[in-house]
Amino acid sequence: MNKLIDPPSLTRLEIAELETFLWVVREGSFSVAARKLHLSQPAVTNRVRRLEDKLHVKLLVRTTRRVEPTPDGILLRDAAEQAVAGLRDVLRKFQAVSDVDRNRVTVVVTPMLAATVMPALIHAYNERYPDVSIVLRDLPYEQVIRSVVEGNADMAVAALDSAPRGVGFKSLAEEKMTLVVPARHPLANAESVDLEQIFPYPLMLLDRYQALRKQLQAEFERRGAPFNPAITITLPTLLGMVDAGNCITFLPQSMAHDNARGVRKTIDVKDLTIMRCYGMVVARNAELNVAGQNFQDFLSKNFKTQLAKLA
């Protein structure tokens, strides 16, 4: 008679450890995952190490550029993504049952979009659909996608360099990045410049503009110029540094024009085209309520026009 073997126990596994492991794999970095989870890097490392100890396998390896999953790590990633996504889907369905939530849509955006593009769009939508409540939450850039992935928002609207893994993405608009200089800068009176004209001046960029940095680096190197920009995390710091005459920068046209205020000038760089893509993000396999689907359609039709008004 064959003896039945009990299936492996799941009691020792913790959701927090699995989610942390998924964020490290998704970002390819312990430090970036720590920042997005609002944890210290040692805390993230310890969670992954505890998971490896419990499973008796090596899950991650560090290459020269990023952290990559081992074959065992890939197996766990695929299984954990399905399991965590399934749990979140159930929680969303529980939430959607509530009558209060049926006509409410929670949208997370970055602070700049929350202050510029989204208010007018929400006002226009509410005039057309007064029974629907649009809850707008502005969060730091690194928390926006996380809020959708973790089920704390129905959708996100953000500028993204690429479609994030594990979510649904729909492009809304593109706009050109433009040069921003202090009003008293030597280039301030020029309507347009060549890229080589900015080489002598210190450059500072926002940390989240990874695609911009890569393209600028390629263009600088192609012309034999050194590329050593200073990096900052927040827009107020960047604008303060520009206003003090410490640097020049690049920003999306709408953001640059909205923040001109007479103390800064925006200049077109003739031989450089760098686009910033804005899009909607929803959790993969998410079942939005009717109000959420309707608001998505509204954004698809009107976001680009509203963005152009600011530029």
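Residues numbered from 1 in each chain as written. Predicted model: local features only at pLDDT ≥ 70, side-chain atom pairs only at ≥ 80, totals over all residues. Heavy atoms only, no water.

Participant: Any chance you could explain the overall build of the protein here in plain terms?
Facilitator: Looking only at helices and strands, the protein has eleven helices and twelve strands in total. When its C-alpha atoms are laid out on the principal axes, the protein stretches across 90 × 55 × 25 Å. Considering the protein as a whole, with its 311 residues, one finds that 44% of them fall into the buried category. Taking the intrachain contacts of the protein between residues at least 6 apart in sequence as the baseline, contacts between residues at least 24 apart amount to 77%. In the form shown here, the protein has an accessible surface area of approximately 16,900 Å², with 51% of it arising from carbon and sulfur atoms. In the protein, 40 side chains carry a positive charge and 35 a negative one; their mean positions are 2 Å apart. (Helix = DSSP H or I, 4+ residues; strand = E, 2+ residues; numbered from the N terminus. Buried < 20%, exposed > 50% of the residue type's maximum accessible area, 1.4 Å probe, protein only. Contact = heavy atoms within 4.5 Å. Areas by Shrake-Rupley, 256 points an atom, 1.4 Å probe, with all protein chains shown as cover. Lys, Arg positive; Asp, Glu negative; His and termini not counted. Charge placed at Lys NZ, Arg CZ, Asp CG, Glu CD.)

Participant: Even after reading the chapter, I still don't get the pattern of salt bridges, so can you show me in this structure?
Facilitator: A side chain of one charge can pair with a side chain of the opposite charge when the charged atoms of the two come close. With the rule as written, the count across this model stands at 15 salt bridges. For the salt bridge of Lys54 with Glu17, the shortest nitrogen-to-oxygen distance reads 3.1 Å. Of the two residues, Lys54 is situated in helix α3 (residues 41-55) and Glu17 in helix α1 (residues 15-27); the sequence distance between them amounts to 37 residues. Residue Lys54 shares its accessibility class with Glu17, and that shared class is buried. Of the charged contacts, one joins Glu219 and Arg222 as a salt bridge, the two residues approaching to 2.9 Å between their closest N and O atoms. (Salt bridge = Lys/Arg side-chain N within 4 Å of Asp/Glu carboxyl O.)

Participant: Sorry, what's going on with the side chain of Arg276 here?
Facilitator: On the secondary structure map, Arg276 appears in strand β12 (residues 275-283). Filtering out sequence-adjacent residues up to four positions away, Arg276 remains in contact with Tyr141, Ala159, Leu160, Asp161, Ala173, Glu174, Glu175, Met177, Arg208, Tyr209 and Pro252.

Participant: I keep staring at the nonpolar core and nothing clicks. Help me out?
Facilitator: Leu179, Ile198, Leu212, Leu216, Leu235, Phe250 and Leu251 are the most contacted members of the largest nonpolar core, which totals 34 residues. Counting residues per element, the ones that place at least two in this core are β6 (167-182), β8 (204-206), α8 (210-222), α9 (235-243), β10 (249-252), α10 (253-258) and β11 (264-269). Setting aside chain neighbours within four positions, we find Leu251 in contact with Lys176, Met177, Thr178, Val180, Leu206, Tyr209, Leu235, Leu238, Leu239 and Ala256. Val107, Met155, Leu172 and Leu307 belong to the second largest nonpolar core, which has 27 residues in total. (Core = buried A, V, L, I, M, F, W, Y, C linked by side-chain atoms within 4.5 Å.)

Participant: What is the right way to look at the packing of α1 against helix α2 (residues 30-37) in this model?
Facilitator: In helix packing, the relevant descriptors are the interaxial angle and the interaxial distance, both defined with respect to the helix axes. Between α1 and α2, the least distance of the axes is 8 Å, while the angle of their chain directions is 125 degrees. Between α1 and α2, the interaxial angle falls into the category oblique. As α1 packs across α2, the resulting crossing turns out to be right-handed. For the pair formed by α1 and α2, the contact residues are Thr20, Trp23, Val24 and Glu27 on the first element and Phe30, Val32, Ala33, Lys36 and Leu37 on the second. For the contact of α1 with α2, a count of residues per class yields six nonpolar, one polar and two charged. (Axes fitted to C-alpha atoms, helices over the stretch in contact; angles between N-to-C directions. Parallel < 35°, antiparallel > 145°, perpendicular 65-115°, else oblique. Left-handed = near helix turned anticlockwise from the far one by under 90°. Nonpolar A, V, L, I, M, F, W, Y, C, P; charged D, E, K, R; others polar.)

Participant: It is not clear to me how the environment of Ala159 should be interpreted in this structure. Could you clarify?
Facilitator: Position of Ala159 among the secondary structure elements: in strand β5 (residues 155-160). Looking at Ala159, the relative accessible area reads 9%, which means it is buried. Along the backbone, Ala159 and Pro252 are 93 residues apart, and their C-alpha atoms lie at a distance of 9.7 Å. Excluding residues within four positions of it along the chain, Ala159 makes contact with Leu113, Tyr141, Arg276, Cys277 and Tyr278.

Participant: I'm lost on the packing of aromatic side chains in this one. Help?
Facilitator: In this description, an aromatic ring pair is defined by two values, namely the gap between the centres and the angle between the planes. Inspection of every chain in the model, using the stated rule, returns seven aromatic pairs. Taken together, a centroid distance of 4.6 Å and an interplanar angle of 50 degrees make the contact between Phe199 and Phe220 tilted. Of the two residues, Phe199 sits in the loop between β7 (192-193) and β8 while Phe220 sits in helix α8, which places them 21 residues apart along the sequence. With a relative accessible area of 5%, Phe220 lands in the buried category. Counting every residue linked through ring pairs, the aromatic cluster contains Tyr125, Tyr129, Phe295 and Phe298. (Phe/Tyr/Trp six-rings, centres within 6.5 Å; stacked < 30°, edge-to-face > 60°.)

Participant: Teacher, can you tell me more about the pairing of β6 here?
Facilitator: In the case of a regular strand, side chains alternate between the two sheet surfaces. Here nine bridges tie β6 to β12, and the two strands are oriented antiparallel to one another. Note on β12: the bridge partner recorded for Glu175 is Arg276. One ladder, built from four bridges, connects β6 with β10; its direction is antiparallel. Note on β10: the bridge partner recorded for Thr178 is Leu251. When β6 meets β11, the two strands line up antiparallel, connected through four bridges. Bridge assignment links Val181 to a residue of β11, and that residue is Lys265. (Pairing = 2+ DSSP bridges.)

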